[in-house]
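The chain contents come next:
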Amino acid sequence: MITRIARKEFSDLLRDGRFRIGAVVVGLLLFVSLGAGWVHVRDARAQLEAAQATARDHWDSQGEKNPHSAAHYGIYAFKPRLALSFVDQGVDPWTGTSVWLEAHRQNDFLMRPAQDATTAQRFGTLTAAGVLQHLVPLMIILLAFGALASEREQGTLRQLLATGVSRRELTAGKALGIAAALGLLVVPAAVLGSAALVLGSNAAGSFLARGVVLAIVYIAYFGAFVGLSLAVSARAPSARTALVALLGIWVLNGLVAPRIAVDLSARLHPAPTAFEFARTIEEEMATGVDGIEPPDREAITNALLEEHGVDRVEDLPVNLSGITLQASEVFGDKIYDRNYGALWDTFERQSRVHETLALAAPLLAVRALSMGLAGTDVEQHRHFASAAETYRRDLVRSMNEDLAQNSRTGETYFADEELWESVPPLEYEAPSLAWILGNRTLSLIVLGLWAVGAAIAAVRGARRTEVAG
Amino acid sequence: MTQAVAEAVPAASGLAKQPVLEARSLSKRYGDQEALSELELRVHPGEIYCLLGPNGAGKTTTINLFLGFIEPTSGTALVAGLDVTTHGIETKTHLAYIPEQVMLYRNLTGLENLEYFTALAGKRLGSDELRSILGQAGLQADAADRRVSGYSKGMRQKVGIAIAIAKEAGALLLDEPTSGLDPKASNEFSTLLDGLRDRGVAVLMATHDLFRAKETGTRVGIMRQGRLSTEMSTAEIGHADLERIYLEHMHDA
């Protein structure tokens, strides 16, 4: 029975000119955005590989110099583009994807397209995630607003219910029919996306699981919209009212809630401006803070002299500069850990506010999950940033240690490519699916609540829809 | 009075069977307004019962109560002996319903509409059977495969009849089915109703058409302000009598 209703809804929709136009527009945008995303990620990857090779080449061929100077010379690290990032760019345009690793300093990420963009462009970027999160729900609303309201208005609902079909079956059939029509548009895109995923990456296998979860997330989101639309359609006094109410919900979900989430999270968990942040670090570097003291050069020197039983630094078997440089490096690291740790924690608390507000707007849950699965959320940016920072510290330490161990204080010492080449490349392993989902449990729960709640609302709405009038 | 009628009718029509449609002190209130009060009504197989009365007399309310689209404030509506309130879905298997305007899905053909409504009623009929039913209902063969957006009202009513025939329901509820039909279409409609009556279907029809009620109906009931004020067998009266009685009931009380 349900499939019979679904089949009729489906063929009815397909014969509807409005659906055909809408489907063509949304389908086209979806394909174009997926294609553009894929090309963008492919190009970005090629650039990244080239840039990485160049950066490494510069490092290896920097010539003979003092190892500490080499640490100052530094190297660039690039955040790898994960296979699914073509679906959702996430925060990448804002946070950047490359960072310069050098002695003494933890730098900010560079390559932030948002930095060069105008505010208007924020809304202008066509991404698959944007189409899936905003346009597909709009399409669902246009497909479903009349599902029960129009039938009631036109009088077919009375005849339908007089046949003996139950309201629950009717609602389920309608939902299924709308889902099938929607599937015509989304399934080919998903197939194409998976193909792009398999073709576009050598490690696609591990990302297929993510792709599947991503698909489930969007299906749940669309399901919530179908349920919500049917519920409103069942209860609204007319199809027109249903449409207006649903468009209102769409605006609240897609435009108002994200804006509120940004403002509210910034108010609840304010992050320092870039200028304040830099100044705090500068101040703490100069004076130390909360028990983190700048290294005492004299104490280090005396301890070394005593340890080795000599009176003059020139007689030490190690290079004092290497040791004190490393000591100040360790001091700097603590200051950075303290400040960046707090900053990242603030960002994560902000993103938690977004996830909580998803109780009022499912978009926020989907967005968090979508970015998470695409590997472009704040948490995974932090994950890469920490890996890059650990790598920087290892690199600087190995330079300082080479200086300390292989030369004496005051001596002019040069290392060569043998040392540069001994530095391993940055091997970054992206977080596992379990790690991502663990991070996003709240969003998963909230989205699940939306999907189930919307289904219940639809069935309840249909049960109470008025047919006597 | 009602009791006397209830006893007299089965004897008169020779049908001693249980009524298919039955209202027992059926009442519906909307706030202060009494839409239907204490309705006693029995329609047996093979009967066409015509409910007459002005708009707002309670005719459509009665049909809505039998369809379970509204809940009675008190009393019971029974279909094939089952209470509509507690057996909503089950009672509908015994009912077919044709509204004043049969509404169909514009994007589907007449045949597809029939197929859909029949399938929802739980009947699986082949395309040939469905075409033959549309033919019985009087729809031209070439119209069956056209989308109903181009159908006239009469054609839509015929599809409505076809839906009712295909369902093989024991009771038929009609809400002013001939209003707006031209005399010829209205006459065809009556012929179809006669056919259904002869098959033993119990028909309850709300109508304004006194002529049609006298012609087709086996019994008529006149309603006014939510009450059934009188009931009579059409065999016992002439056209002029019916009109006179109707007008009398609109004036007094």
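Residues numbered from 1 in each chain as written. Chains lettered and ligands numbered in written order. Predicted model: local features only at pLDDT ≥ 70, side-chain atom pairs only at ≥ 80, totals over all residues.

1. Quick notes on the interface of chain B and chain A
Each side of the interface is counted separately: chain B has 21 residues, and chain A has 18 residues. Contributions of two or more residues to the side of chain B that touches chain A are made by helix H2 (59-67), helix H3 (88-92), strand S6 (95-98) and helix H4 (110-120) of chain B. Ranked by residues supplied to the side of chain B that touches chain A, first place goes to H4 of chain B with four residues. When its residues are assigned to classes, the side of chain B that touches chain A shows 15 nonpolar, five polar and one charged. (Contact = placed C-beta atoms within 7 Å. Helix = DSSP H or I, 4+ residues; strand = E, 2+ residues; numbered from the N terminus. Nonpolar A, V, L, I, M, F, W, Y, C, P; charged D, E, K, R; others polar.)

2. Regarding the domain arrangement of chain B
All names here are of chain B. In terms of domains, chain B is made up of domain 1 (2-94 + 171-251) and domain 2 (105-168). Relative to domain 2, the C-alpha centre of domain 1 lies at a distance of 26 Å. If you look at the interface, domain 1 gives nine residues, while domain 2 gives eight residues. Among the elements that take part in the side of domain 1 that touches domain 2, helix H7 (residues 183-198) stands out by supplying four residues, more than any other. Residues that form the side of domain 1 that touches domain 2 fall into these classes: six nonpolar, two polar and one charged. (Domains from an automatic or database assignment.)

3. Brief notes about the sheet that holds strand S2 (residues 33-43) of chain B
All names here are of chain B. The sheet built from four strands is open, its strands ordered S2-S1-S4-S5 with antiparallel pairing. If you trace the sheet from one side to the other, it starts and ends with S2 and strand S5 (82-83), each paired once. As defined by bridge partners, strand S1 (residues 21-30) adjoins S2 across seven bridges and the pair is classed as antiparallel. Bridge pairing in S2 links Arg29 to Glu34. Against the sheet, H2 contacts S1, S2 and strand S4 (74-79), and its axis sits at roughly 115° relative to S1. (Pairing = 2+ DSSP bridges. Axes fitted to C-alpha atoms, helices over the stretch in contact; angles between N-to-C directions.)

4. Some thoughts on the sheet that holds strand S8 (residues 202-206) of chain B
Hydrogen bonds between backbone atoms are what pair the strands of a sheet, whose relative direction is either parallel or antiparallel. Residue and element names in this part refer to chain B. Spatially, six strands are ordered S6-S7-S8-S3-S9-S10 in an open sheet, and the strand pairing comes out mixed. For this open sheet the edge positions go to S6 and strand S10 (227-233), each flanked by a neighbour on one side alone. Within the sheet, the average angular offset between the axes of one strand and its neighbour, ignoring direction, is 15°. Contacting S6 and strand S7 (171-175), helix H6 (residues 153-167) crosses the sheet at an angle of about 175° to S6.

5. What to know about the confidence of the model for chain B
Residues and elements named next belong to chain B. This prediction gives chain B a mean pLDDT of 87; 93% of its residues lie at or above 70. Across residues 1-16, where pLDDT falls below 50, the model places 15 contacts with residues more than four positions away in sequence or in other chains. In the model output, the complex is listed with pTM 0.87 alongside ipTM 0.86. (pLDDT = per-residue confidence, 0-100.)

6. Structural notes on the nonpolar core
By size, the foremost hydrophobic cluster in this structure holds 165 residues, and its most contacted members are Ile140 and Leu447 of chain A together with Ala162 of chain B. With 15 residues, the single largest contributor to this core is helix H11 (residues 204-235) of chain A. Here this core gathers at least three residues from each of two domains, domain 1 (2-94 + 171-251) and domain 2 (105-168) of chain B. Ignoring anything within four residues of it in the chain, the contact list for Ala162 of chain B reads Leu114, Ile133, Leu134, Ala137 and Leu139 of chain B. (Core = buried A, V, L, I, M, F, W, Y, C linked by C-beta atoms within 7 Å. Buried ≥ 20, exposed ≤ 12 C-beta atoms within 10 Å, placed from the backbone.)

7. Examining the packing of helix H7 (residues 128-144) of chain A against helix H12 (residues 239-268) of chain A
Two numbers describe a pair of packed helices, the interaxial angle and the distance between the axes. Residue and element names in this part refer to chain A. Direction vectors running N to C along H7 and H12 enclose 165°, while the axes themselves pass 10 Å from each other. Between H7 and H12, the angle falls in the class roughly antiparallel. Handedness of the crossing formed by H7 with H12: right-handed. Packed against H7, whose contacting residues are His134, Pro137, Leu138 and Ile141, the element H12 presents Leu246, Leu247, Trp250 and Gly254 at the interface. Among the residues making up the contact of H7 with H12, the classes are represented as six nonpolar, two polar and no charged. (Parallel < 35°, antiparallel > 145°, perpendicular 65-115°, else oblique. Left-handed = near helix turned anticlockwise from the far one by under 90°.)

8. Structural notes on unusual backbone geometry
Residue and element names in this part refer to chain B. At Glu38, a position not held by glycine, the phi torsion is positive, near 50°. Residue placement: Glu38 occurs in strand S2. For Glu38, a count of 16 C-beta atoms within 10 Å corresponds to the partly exposed category. A positive phi angle is found at Glu176, which is not glycine, with a value near 45°. If you trace the backbone, Glu176 turns up in the loop between S7 and H7. The class for Glu176 is buried, based on 20 C-beta atoms found within 10 Å.

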